[in-house]
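Each chain is listed here by its residues.
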Amino acid sequence: MMFTPTTYNTYDFANRRHIGPSPAEMSEMLKAVGVPNLDALIDETVPKSIRQSEPLGWAPLTEHALLARLRKVAGKNKVMTSLIGQGYYGTVTPPAIQRNILENPAWYTAYTPYQPEIAQGRLEALLNYQTMVADLTGLPVANASLLDEATAAAEAMAMAERSAKSKARAFFVDLNLHPQTIAVIETRALPLGIEIVKGLPDDLVPEAVFGAIFQYPGTYGHVRDFTDLIEKLHAAKALAVVATDLLALCLLKEPGAMGADIAVGSAQRFGVPMGYGGPHAAFMSCRDEFKRSMPGRIVGVSIDSHGDKAYRLSLQTREQHIRREKATSNVCTAQALLAVMASFYAVFHGPMGLRGIAEMVHSNAVRLRDALVAAGAEVAPGAFFDTITVKVGVGQMGIMAAARHRGINLRKVGRDRVGISVDELTDTDVLVRVLDAFGITDPVPETVGLGFPEELLRQSAYLTHPVFHMNRAESEMMRYMRRLSDRDLALDRAMIPLGSCTMKLNAAAEMMPITWPEFGALHPFAPADQAQGYHEAIDDLTAKLCEITGYDAFSMQPNSGAQGEYAGLLTIAAYHRARGEGHRNICLIPVSAHGTNPASAQMAGMKVVVVKSAPNGDVDLEDFEAKAAEAGGNLAACMITYPSTHGVFEETVRRICEITHEHGGQVYLDGANMNALVGLVKPGEIGSDVSHLNLHKTFAIPHGGGGPGMGPIGVKAHLAPYLPGHPEVGGEEGPVSAAPYGSASILLISWAYCLMMGGAGLTQATRVAILNANYIAARLKAAYPILFMGNRGRVAHECILDTREFAEVGVTVDDIAKRLIDNGFHAPTMSWPVAGTLMVEPTESETKAEIDRFITAMLAIREEVRDVADGKIGAEESPLRRAPHTVEDLVAEWDRPYSREQGCFPPGSFRVDKYWPPVGRVDNVFGDRNLICTCPPLEAYAAE
């Protein structure tokens, strides 16, 4: 017998690890779809008129080759002791949190908790976060995180404008704010028509503004009590915002005690690495009367069908898919995974531990100040927490160079000062090296004094809830983290078939480098020569994204998809202004566009004009043409999603672009559905001028329970000069995020994904994503009408199942969603883009077995609906309405007209590895009527 070597490529990451179905499984699926091969399916799905002519060109790396390359690139970054401050600080990530949260797929692969019954663990962690923020800031209501401190401050400005009774149109900005925060506020204010007045706090004229924002402690270290200024603002019917630091508030008087209306800041120094800029969770808290104006997500406490406590997202009517252009902000602006890390940092240390860290940091700052003053240096300010500035005159550059020679980065302040911010990592050795850079060799003094007046000491208690006082033995912490993750359904347990959200594999090899210190420990404003590895990675990722999209340039700054939409529209607006056409302000948005688009257009100062859909779900070309003509010289842009949110490749896309350009507008093509385009269609070649890419969808960054995300924007060459700039790295336009490259550390995930997949692998992933969606449509179309299909009866990478007819017999789309929990699945996207429907996106990563399990579940649910329709069981008594079923239901007395087996172990569910939801169906109405957004006291639970 002759030896025949195998053709099996063990290390083919794309086809052996990332793409779910095997070649044999694909053959079976293609038969069910009714096509001979994958090429034929793509030809029937994607119009030939828009297909790209050249394949994507680079070869793939194996996992081990990728990690070797990343090690080499990481070695080009120089990890220094950063004392730059400016909102970013060294911190210790407790190993228990790094291993059990940040590196745990049960936490990082979870989706936004819109289905609360399967998200009770992360909802509890986020409620802990809200409680931590509310306690430390002294304000009663906090949200479940925002993107970064600068964008949180801009959100606070917009919130103050909505809420203040003052008729003024100006907003006061303290010059002691971090420079990047001031710049982002100015960017946000321009399209909203808000005048920014900058000055020192004592320059404030309260009657001239609707609100003011102060930094506490200030960017140069200043600490002062703002109570008197806040009282004057309130007398003028204006609101006060305080940008603050959670660690400082463990020692300093809290903003709430000063009368502040809103507090914002970053939770980065609570155990989250700097990561060259992110991702980090920003926080916002406010007085109770302003809670319904607060942007972002708020976790609240409600009850379930048993009357037991259950968590949920509250006040969801602000969700952008519902309110569209009337939305106050984009709900996609959150950093859930990082908020969870920060909340566990507080649980891990408790109030005394946090106080101890704050005292250590402050003590080291005082010791440094005392040593410098003893040596004759001029040090400011007089009152500080962790940051001082030293006047050094013409010796500025020499001292900074001497510090770098000793492995330390200091901050350049003006032309004659040096800023120093100590942090949790600062010890006596660091202080000795700093003093040595100043030529001071005396021993570092020990100190017992405060660096601020005693009247600024915090008087109130914080973190009094029992969760912050649990036994902090690592065994107990590990079990608490495990208990919470076990309450959740994430991608490590089951397929999450959410339309427009693309919950694909987040491979371990892609995730590993973000926790390496060479990437995690870099300050975003470190000298460029210390971040050469980052720049090599970002430059290569940019080149690959340009090749994928057909665009000429990218900005990596937007740190969410919503931020990418906003940045893209600002780029278009800046282009029009530069051409003397700043009056262009109309944005055409089809009904089939992505749901966050209208809110982004409103934030960019544009007027939204909605374009109808044709009966088949396409953009109504006649209506589009008429409205473009009506806008005429005022047309700024159109926003289209391609393939459409209806899950179809529209053949008129080129004509839509032509019409927009004929009237002088620019085409914004939403990249949310890029998973159906990569390797097949380049947006920049079909007439689009700008797109954002959801790297947390198409390019494998995990969703993290509702953040992090990245939404970089690609543009054609004529728009490149108008991309977001940044005060640290230049650029003509204002920034949209705090750091020049947004959440830079997670760009490594998308780069690793592109490197391991290779051009051909990325293209095959797109083709299989389309196959998987068409396979589901083919298997389910007899049971559920498929709402929209292309001209040849195909869907793109997602399909919409129409369940509206079931409402006639009392079965709602909610019933189906909750019943899927019993089968061990997260529900598809509910009631969007069409009310009463389910939008299903399997992605390319799901195996045929898992897709078949989902199909089995959906067919069984259809039979249960049929039983209701046939009168065999009432809707209220059916397993659909009683879903989801808990272990408590299983063991309790069973008085239901269906068996325990049918209720708790429906077709498609696992027997041994069954997922049991920890609560029954959550009562949304009760939660909104009884809004509780911090950890309630234990006696409140007992009362229920």
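Here goes a summary of the coordinates provided. (Residues numbered from 1 in each chain as written. Predicted model: local features only at pLDDT ≥ 70, side-chain atom pairs only at ≥ 80, totals over all residues. Heavy atoms only, no water.)

1. Quick look at the nonpolar core
Selection rule: Throughout this description, the term nonpolar core refers to a set of buried Ala, Val, Leu, Ile, Met, Phe, Trp, Tyr and Cys residues connected via side-chain atoms within 4.5 Å. Type-normalised accessible area, obtained with a 1.4 Å probe on protein chains alone, sets the label of each residue: buried when under 20%, exposed when over 50%, and partly exposed for intermediate values. In what follows, a contact means two residues having at least one pair of non-hydrogen atoms within 4.5 Å.
With 231 residues, the main nonpolar core has Met-132, Phe-344, Ile-420 and Phe-438 as its most contacted residues. Excluding residues within four positions of it along the chain, Ile-420 makes contact with Leu-83, Leu-368, Leu-372, Asp-386, Thr-387, Ile-388, Val-390, Leu-410, Val-434 and Phe-438. Counting residues in each nonpolar core, the second largest holds 38 residues, with Leu-146, Ile-194, Met-274 and Leu-315 among its members.

2. Topic: the pairing of strand E9 (residues 298-303)
Rule in force here: Helical segments are the DSSP runs of H or I of at least four residues, strand segments are the runs of E of at least two, and each set is numbered from the N terminus. The criterion for strand pairing is that DSSP finds at least two bridges linking the strands in question.
With respect to burial, E9 is a largely interior element, six of its six residues being buried. Here E9 shows no split at all, with Ile-298, Gly-300 and Ser-302 on one side and Val-299, Val-301 and Ile-303 on the other all buried. As judged from the six bridges shared by E9 and strand E10 (residues 309-314), these two strands associate in the antiparallel manner. The residue of E10 that forms the bridge with Ser-302 is Ala-310. What sits between the antiparallel neighbours E9 and E10 is a turn of five residues, in which Gly-307 has the positive phi angle 85 degrees.

3. Considerations on the sheet that holds strand E11 (residues 378-380)
Rules: Between N-to-C directions, angles cover 0 to 180 degrees, with each direction set by a line fitted to C-alpha atoms, over the stretch in contact for helices.
Reading across the sheet, the four strands line up as E11-E12-E15-E14 and stay open at both edges, with antiparallel pairing between neighbours. Every other strand in the sheet has two partners, leaving E11 and strand E14 (411-413) as the edge strands with one partner each. Taken over all neighbouring pairs, the strand axes of this sheet differ in orientation by 30 degrees on average, direction set aside. Judged from the five bridges that link them, strand E12 (residues 387-391) and strand E15 (residues 417-421) form a sheet pairing that is antiparallel. Looking at E15, one finds that Thr-389 is bridged to Gly-419. Against the sheet, helix H13 (residues 336-374) engages E11, E12 and E15, with an angle of about 15 degrees to E12.

4. Here's the deal with the packing of aromatic side chains
As a reminder of what qualifies: For Phe, Tyr and Trp, rings pair up if their centres lie within 6.5 Å, where Trp contributes its six-membered ring, and each pair is then called stacked (planes under 30 degrees apart), edge-to-face (over 60) or tilted (otherwise). Geometrically, a lysine NZ or arginine CZ counts as sitting over a ring once it is within 6 Å of the ring centre and also within 35 degrees of the ring normal.
Within the structure shown, the criterion is met by 20 aromatic pairs. Seen from their ring centres, Trp-516 and Phe-519 are 6.3 Å apart, and the 20 degrees between their planes marks the pair as stacked. Residue class for Phe-519 comes out buried when judged on its relative accessible area of 0%. Ring centres 5.5 Å apart and planes at 80 degrees place the aromatic pair Phe-825 and Phe-854 in the edge-to-face group. With Phe-825 in the loop between helix H25 (813-822) and strand E24 (829-830) and Phe-854 in helix H26 (residues 848-869), the pair connects residues that are 29 residues apart, well separated along the chain. The side chain of Arg-896 reaches across the aromatic face of Trp-894, ending 5.0 Å from its centre. Seen from the ring of Trp-916, Lys-914 lies directly overhead, with NZ or CZ sitting 4.8 Å from the centre.

5. Quick notes on the pattern of salt bridges
This is how the line gets drawn: What counts as a salt bridge is simple: a side-chain nitrogen of Lys or Arg found within 4 Å of a carboxyl oxygen of Asp or Glu.
Counting across every chain of the model gives 50 salt bridges. The shortest N-O distance in the salt bridge between Arg-269 and Asp-245 comes to 2.8 Å. Note that Arg-269 is positioned in the loop between strand E7 (262-266) and strand E8 (282-286) and Asp-245 in strand E6 (residues 239-245), a separation of 24 residues in sequence. Exposure class is identical for Arg-269 and Asp-245. Each is buried. Residues joined in a network through salt bridges with shared partners are Glu-28, Arg-779, Lys-848 and Asp-852.

6. What to know about helix H3 (residues 38-45)
The line we're drawing: N or O atoms closer than or at 3.5 Å make up a polar contact, with two conditions inside protein: a donor-capable atom paired with an acceptor-capable one, and, for residues adjacent in sequence, both atoms drawn from side chains.
Along H3, the residues classified as buried are Leu-38, Ala-40, Leu-41, Ile-42 and Thr-45. On its buried face, H3 is in contact with helix H2 (23-33) and helix H24 (747-780). For H3, the side-chain oxygen to backbone nitrogen distance between the N-cap and Asp-39 is 3.3 Å, and the N-cap itself is Asn-37.

7. Here's the deal with the pairing of strand E20 (residues 666-670)
The cut-off we apply is this: A right-handed crossover is one whose linking path, passing over the helix from the first strand to the second, runs clockwise when the strands point away from the viewer.
With five of five residues buried, E20 lies mostly within the body of the structure. Because side chains alternate across E20, one face comprises the buried residues Gln-666, Tyr-668 and Asp-670, and the other comprises Val-667 and Leu-669, equally buried. Relative to E20, strand E19 (residues 635-641) runs parallel, the two sharing five bridges. Opposite Ile-640, over in E20, you have Leu-669 as the bridge partner. After leaving E19, the chain enters helix H23 (residues 653-662) and then returns to the sheet as E20, a path that is right-handed.

The values are spatial; any link to function lies outside them.
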